[in-house]
Amino acid sequence: MASQFKTRRELEDEDHEIYLKKQAEMLERRRAKREAEGFKCTTEGCGQSFKEYLELQSHVQQHQEEYRKNMQCSQAKCGQKFNNRRAYNEHIDMHRAAAKVKIMSNIRSVLLVNKHGLLMEAFEREYKSVMGKQVPYKLLGYKDCYDLVSNVPDVVQVTQLNDGQTLLLAVPDKTTEHIAKMIGNQRANRDGFNYDTGKVLASVSRDVLRRIEKVANRSNRVVPDFMKKQVEQLIEMGVMEESGMDINEFREIYDQEFGYPLEFRCYGFYSQEDFVFHGLAEVVELVLDGFCWKIVPVGFTSPDRNPAIQHIQFEVRSSMRKLLEENPYGISVTTLVRTHESCFGQ
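Residues numbered from 1 in each chain as written. Predicted model: local features only at pLDDT ≥ 70, side-chain atom pairs only at ≥ 80, totals over all residues. Heavy atoms only, no water.

A.B. asks: Is there a simple way to explain the side chain of Ser319 in this structure?
C.D. replies: The residue Ser319 is located in helix α12 (residues 307–325) in this model. In this structure, Ser319 is in contact with His340 and Phe344, ignoring residues within four places of it in sequence. (Helix = DSSP H or I, 4+ residues; strand = E, 2+ residues; numbered from the N terminus. Contact = heavy atoms within 4.5 Å.)

If you want it as structure tokens, here you go:
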């Protein structure tokens, strides 16, 4: 019997078809408006209209020539005139530097909202859709868009995929780092132009995905100080038994004592074990008691535990940590055991 529910992929495909239809309708309205009104000159005091875009470009070039000849700033809100060519050039360079800062900010903002980046062609379309104009690479002296993004490593991380595609990822600065971390904790979507990017990333190798994930992962994976203090309070309150606390009981006790659930995924952790082992390493440790993980205070030593066994567990734990860090997407238990025996001989 066929399922009456659609898969996530089917729903995404339907949403993308609707999106493409809306985009086509919007482009058709723009085309009709261009045919009716033509291409208008935006220079102050002009407003002349042209049927062809090349005619408009030639007309605007004439305006620029006049401005340079008269040593007058062409910026709409400036228009300052100069009697000295050097002062005029310095003034133009000042505007150009300000324009570069704004363009870099726009590029970063377009890429930042896409967790795993955008393909080159998707980025150019997205930029035009969001900013209302194409990427102004010529204004900054570059021959094309790829030349621009390749020369601003502090803004864009360029990654070459195996099939010749170019993937662009945003490099956040101090003012956008918190936004990047929040986006890194969100699920990956395939809406809008990112749909095509998602299709390409779905076909690349696991090694490429790891490389992209390493660059794109904005999760801070840092537990706030207040949460560490809460765990310390649980230890001081004596809620942990002498042999430690079962990890499955940890969330329940946390919820009972503090009145709200333990949300570890919002900090970039994949599981409760990942959260305790990596996020709370300064406060507690994970020890294996039979087939169950237990949480114990840092430096805890049970009198009935053999020091030799402790030493062996520490070595195994270190090697396991290395294997898990090399597999951010997870690894099956069978593969983990086989890989561990192959690499470490245990």
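A.B. asks: Honestly, the pairing of strand β4 (residues 156–160) in this entry has me stumped. Any pointers?
C.D. replies: Remember that side chains alternate between the two faces of the sheet whenever the strand is regular. In this sheet, strand β5 (residues 166–170) lies alongside β4 in antiparallel orientation, the contact comprising 5 bridges. Its bridge partner lying in β5, Gln157 is registered against Leu169. In sequence, β4 turns back onto β5 through a hairpin of 5 residues, with Gly164 there showing a positive phi of about 90°. (Pairing = 2+ DSSP bridges.)

A.B. asks: Would you explain the nonpolar core in this entry?
C.D. replies: Within the largest apolar cluster, 26 residues are counted, with the highest numbers of intra-cluster contacts made by Met104, Ile107, Leu111, Phe123 and Val156. For this core, the secondary structure elements donating two or more residues are α3 (85–112), β3 (118–119), α4 (120–131), α5 (145–150) and β5. Every residue in contact with Val156, bar those within four places of it in the chain, is listed here: Ile107, Leu111, Val149, Leu168, Leu169 and Val171. Listed in part, the 23 residues of the second largest apolar core include Val231, Tyr254, Val283 and Ile295. (Core = buried A, V, L, I, M, F, W, Y, C linked by side-chain atoms within 4.5 Å. Buried < 20%, exposed > 50% of the residue type's maximum accessible area, 1.4 Å probe, protein only.)

A.B. asks: Explain the pattern of salt bridges here, please?
C.D. replies: When the charged atoms of two side chains lie near each other, side chains of opposite charge can form a pair. Under the criterion given, the structure shown has 5 salt bridges. One salt bridge in this structure joins Arg68 and Glu65, with 3.3 Å as the shortest N-O distance. Note that Arg68 and Glu65 are positioned in helix α2 (residues 53–70) at a spacing of 3 residues, about one turn of the helix. Among the residues examined, Arg68 registers a relative accessible area of 35% and is labelled partly exposed. (Salt bridge = Lys/Arg side-chain N within 4 Å of Asp/Glu carboxyl O.)

A.B. asks: Honestly, α2 in this entry has me stumped. Any pointers?
C.D. replies: Since the α-helix packs 3.6 residues into each turn, any two residues three or four apart lie on the same face. Between its terminal C-alpha atoms α2 stretches 26 Å, which fits the 26 Å expected from 18 residues at 1.5 Å a residue. Within the sequence span of α2, burial applies to Leu56, His59, His63 and Tyr67. Seen from one end, α2 has its buried residues packed into an arc of 90°, which puts them on one side. Opposite the buried face of α2, at more than 90 degrees from it, the exposed residues are Leu54 and Lys69. (Expected span 1.5 Å × (residues − 1). Arc of directions from axis to C-beta.)

A.B. asks: For this particular structure, what's the right way to read the sheet that holds β4?
C.D. replies: Across a sheet, strands are paired by hydrogen bonds formed along the backbone, either parallel or antiparallel in direction. Taken in spatial order, the 3 strands line up as β3-β5-β4 in an open sheet, and their pairing is antiparallel. What marks the edges here is a single partner per strand, and that holds for β3 and β4. Across 2 bridges, β3 lies against β5 in antiparallel orientation. Bridge pairing links Leu118 to Leu168 in β5.

A.B. asks: How do you make sense of a positive patch on the surface when you look at a structure like this?
C.D. replies: Taken together, the side chains of Arg29, Arg30, Lys33, Arg34, Lys40 and Lys128 present a region of like positive charge at the surface. The leading source of residues in the positive patch is helix α1 (residues 8–37), at 4 residues. On the basis of relative accessible area, Lys33 is assigned to the exposed category, the value being 52%. (Patch = residues over 30% accessible without salt bridge, like charges linked within 9 Å, V, L, I, M, F, W, Y side chains within 5 Å. Areas by Shrake-Rupley, 256 points an atom, 1.4 Å probe, with all protein chains shown as cover. Lys, Arg positive; Asp, Glu negative; His and termini not counted. Charge placed at Lys NZ, Arg CZ, Asp CG, Glu CD.)

A.B. asks: Sorry, what's going on with the environment of Gln230 here?
C.D. replies: Position of Gln230 among the secondary structure elements: in helix α9 (residues 225–236). Using a relative accessible area of 8% as the deciding quantity, one classes Gln230 as buried. Here Gln230 is in contact with Tyr254, Phe258 and Tyr260, once residues within four sequence places are set aside.

A.B. asks: Looking at this model, I keep getting lost on the packing of α3 against α4. Mind explaining?
C.D. replies: Axis angle and axis distance: for two packed helices, these are the angle between their axes and the distance between the axes, and together they describe the pair. Packing of α3 against α4 leaves a shortest axis separation of 10 Å and a crossing angle of 110°. Here α4 runs roughly perpendicular to α3, going by the angle between their axes. As α3 runs across α4, the sense of the crossing is right-handed. Taking contact as the criterion, the partners of Ile103, Asn106, Ile107, Ser109, Val110 and Leu111 in α3 are, on α4, Phe123, Glu126, Tyr127, Val130 and Met131. Counted by class, the contact of α3 with α4 contains 8 nonpolar, 2 polar and 1 charged residues. (Axes fitted to C-alpha atoms, helices over the stretch in contact; angles between N-to-C directions. Parallel < 35°, antiparallel > 145°, perpendicular 65-115°, else oblique. Left-handed = near helix turned anticlockwise from the far one by under 90°. Nonpolar A, V, L, I, M, F, W, Y, C, P; charged D, E, K, R; others polar.)

A.B. asks: Got a minute to help me understand the packing of aromatic side chains in this structure?
C.D. replies: Aromatic ring pairs are described here by two measures, namely the spacing of the ring centres and the angle between the planes. With the rule as written, the count across this model stands at 5 aromatic pairs. Relative to Tyr88, the ring of Phe82 has its centre 6.1 Å away and its plane inclined at 65°; by these criteria the two rings are edge-to-face. Residue Phe82 is classed as buried on the basis of its relative accessible area of 13%. When its relative accessible area of 6% is taken as the criterion, Tyr88 is described as buried. Aromatic pair Tyr254 and Phe258: ring centres 4.9 Å apart, planes at 50°, arrangement tilted. Of the two residues, Tyr254 and Phe258 both sit in helix α10 (residues 247–258), 4 residues apart, roughly one turn of that helix. As far as the burial class goes, Tyr254 and Phe258 line up, both buried. By way of ring pairs, the aromatic residues Phe250, Tyr254, Phe258 and Tyr260 are connected into one cluster. (Phe/Tyr/Trp six-rings, centres within 6.5 Å; stacked < 30°, edge-to-face > 60°.)

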